[in-house]
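What follows is each chain in one-letter form.
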Amino acid sequence: MTPAPSADWRSPRLFLTLMAVALPLGYATWNALLNNFAIEMAAFDGSDIGLLQSIREIPGFLAFTAVFLLAVVSEQRLALIAIALLGGAVAVTGLFTTTTGLLITTFIMSVGFHYLETLKQSLSLQWLSKDEAPAVLGKLISVAALTSLLSYAVVWLLLEVLHASYTVVYATSGLACLSLMLFMTFAFPRFEAPSPQRKQLILRRRYGLYYALTFLAGARRQIFLVFASFLLVQRFGYSASAIAALYLINHGVSWIVAPMIGRWVGRFGERRILTVEYVGLIAVFLGYAIVDSGAVAATLFVIDHIFFAMAIAQKTYFQKIADPGDIAGTAGVNFTINHIAAVVIPASFGVIWLTAPEWVFILGAIMASASLLLALCVPDDPTQQRPIRLWWRRRLPAPAA
């Protein structure tokens, strides 16, 4: 009798890997072309791009609503719906060159992107053990970086060699994302989480340090996504193909470095890795503020991107201090907290940019300094019983015999 074919390849880890592919497959092209598309086709200035980025971050602020949808649809199924929204919106972005049209497609794309990010984090922390999480999360970042690398290579090829229009480039990326969603829908069974998840928002006092780090991470992220790339385009005249090539370098470096960072988190602990990240960010942001060379600005841009992989430490810190049933309910809250600053900063800092661009980055350095102080509160070995370390308290002398 011929043995039945094995279905071992249809594993939760492979599903997570394909989710890691889907995110950059749709978003990388959208992000690489955004500044040039907005400036060349919709005549955006710094204030307009700030408004668009604030609109983009609203779904991130509302990511907590995902937990309410889990009452009627599983996390796995909701992730597939999110991929469909992401890919569909990116596919039609090039058709809308007005301010209103670009804001609408951006909003729909962002709903899919942020729901998918929320669910990827939730499912990763549920399906992976605490011991394997740092290394696997590093590998997932590497997979995403490789996907972004290939996506930017395709963008460069389409723009520079084939001289394709923005419409064609956006459609190519969006349709590839939709095709992946269809494969994942029909190829994988439904996976059950090891621990039942509470279908409600979770806010706990012992997660306070994690919430604070998440809030400041959202602010830091906007400096890179909105203003660092805008600096390259507006001040130093980088073209769409040059920005795509720069992102190509970014993700090529991340592809190599991210698995190493995952192993370092497991070896050295969350506090040390977060400390390195925030010290580095302070230096990078101050560099942005004073740079007068396009080559130096591009170097800072690459270094800045490397630090994103160190966010693994923040995720594994939460996994160690969390009740296993809180992960889904906290994931949405986490993204909402992350985007409180993200909704406000692009528009408000866009106004600052019009008169004093260097102050955008000086304020970023101040926020990175606050993150550094908070990172020092992460214990050597975080647990549910010991989620925080009060490093500023001096030890009292032992009582006399």
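Values in this document were obtained by computation on a predicted structure and should not be read as measured data.

As for helix α7 (residues 166-187)
A rise of 1.5 Å per residue sets the reference length of α7, with its 22 residues, at 32 Å; its end C-alpha atoms lie 32 Å apart and thus fit the reference within 8%. Taken together, the buried residues of α7 touch α1 (12-42), α4 (75-92), α6 (133-161) and α9 (240-268).

Quick look at helix α12 (residues 312-321)
Summarising burial for α12: eight of the 10 residues are buried, a large majority. Within α12, burial applies to Ile 312, Ala 313, Gln 314, Thr 316, Tyr 317, Phe 318, Gln 319 and Ile 321.

Focus: the pattern of salt bridges
Any two side chains of opposite charge can pair, so long as their charged atoms come close to each other. For the structure on display, the rule yields four salt bridges. Where Arg 13 meets Glu 132, a salt bridge forms, and the shortest distance between an N and an O atom there is 2.5 Å. A residue pair is termed long-range when its members are at least 10 positions apart, and Arg 13 in helix α1 and Glu 132 in the loop between α5 (99-127) and α6 qualify at 119 residues. Residue Glu 132 is classed as partly exposed on the basis of its relative accessible area of 25%. Note that Lys 320 is salt-bridged to Glu 270, the shortest N-O span being 3.0 Å. Pair noted here: Lys 320 is in helix α12 and Glu 270 is in helix α10 (residues 270-290), with a separation of 50 residues, a long-range link. On the basis of relative accessible area, Lys 320 is assigned to the partly exposed category, the value being 21%. By relative accessible area, which is 1% here, Glu 270 ends up buried.

Re the packing of α1 against α9
Packing of α1 against α9 brings their axes to within 9 Å, and their N-to-C directions diverge by 150 degrees. Here α1 lies roughly antiparallel to α9, going by the angle between them. Crossing angle aside, the handedness with which α1 passes α9 is right-handed. In this structure, α1 contributes Asn 31, Ala 32 and Asn 36 to the contact, and α9 contributes Ala 240, Ile 243 and Tyr 247. In the contact of α1 with α9, the residues fall into four nonpolar, two polar and no charged.

Section: a nonpolar patch on the surface
A grouping of Ile 81, Leu 85, Ile 104, Phe 107 and Ile 108 is seen on the molecular surface, where their side chains present a nonpolar patch of about 390 Å² in accessible area. Residue assignment for the nonpolar patch shows that the elements contributing at least two residues are α4 and α5. You can see Ile 81 is positioned in helix α4.

Side note on the packing of α1 against α5
When two helices pack together, you describe them by how their axes are tilted relative to each other and by the distance separating the axes. Their axes nearest at 10 Å, the elements α1 and α5 cross at an angle of 150 degrees. Taken together, the axes of α1 and α5 lie roughly antiparallel to each other. Considering only the axes of α1 and α5, their crossing is left-handed. For the pair α1 and α5, the contacting residues are Pro 12, Phe 15, Leu 16, Met 19, Ala 20, Ala 22, Leu 23, Tyr 27, Trp 30, Phe 37 and Ala 38 in the first and Leu 102, Thr 106, Met 109, Phe 113, Leu 116, Glu 117, Leu 119, Lys 120, Leu 123, Ser 124 and Trp 127 in the second. A breakdown of the residues in the contact of α1 with α5 according to their chemical character gives 18 nonpolar, two polar and two charged.

What counts, and where the lines are drawn
- Residues numbered from 1 in each chain as written.
- Predicted model: local features only at pLDDT ≥ 70, side-chain atom pairs only at ≥ 80, totals over all residues.
- Heavy atoms only, no water.
- Helix = DSSP H or I, 4+ residues; strand = E, 2+ residues; numbered from the N terminus.
- Expected span 1.5 Å × (residues − 1).
- Contact = heavy atoms within 4.5 Å.
- Buried < 20%, exposed > 50% of the residue type's maximum accessible area, 1.4 Å probe, protein only.
- Salt bridge = Lys/Arg side-chain N within 4 Å of Asp/Glu carboxyl O.
- Axes fitted to C-alpha atoms, helices over the stretch in contact; angles between N-to-C directions.
- Parallel < 35°, antiparallel > 145°, perpendicular 65-115°, else oblique.
- Left-handed = near helix turned anticlockwise from the far one by under 90°.
- Nonpolar A, V, L, I, M, F, W, Y, C, P; charged D, E, K, R; others polar.
- Patch = residues over 30% accessible without salt bridge, like charges linked within 9 Å, V, L, I, M, F, W, Y side chains within 5 Å.
- Areas by Shrake-Rupley, 256 points an atom, 1.4 Å probe, with all protein chains shown as cover.

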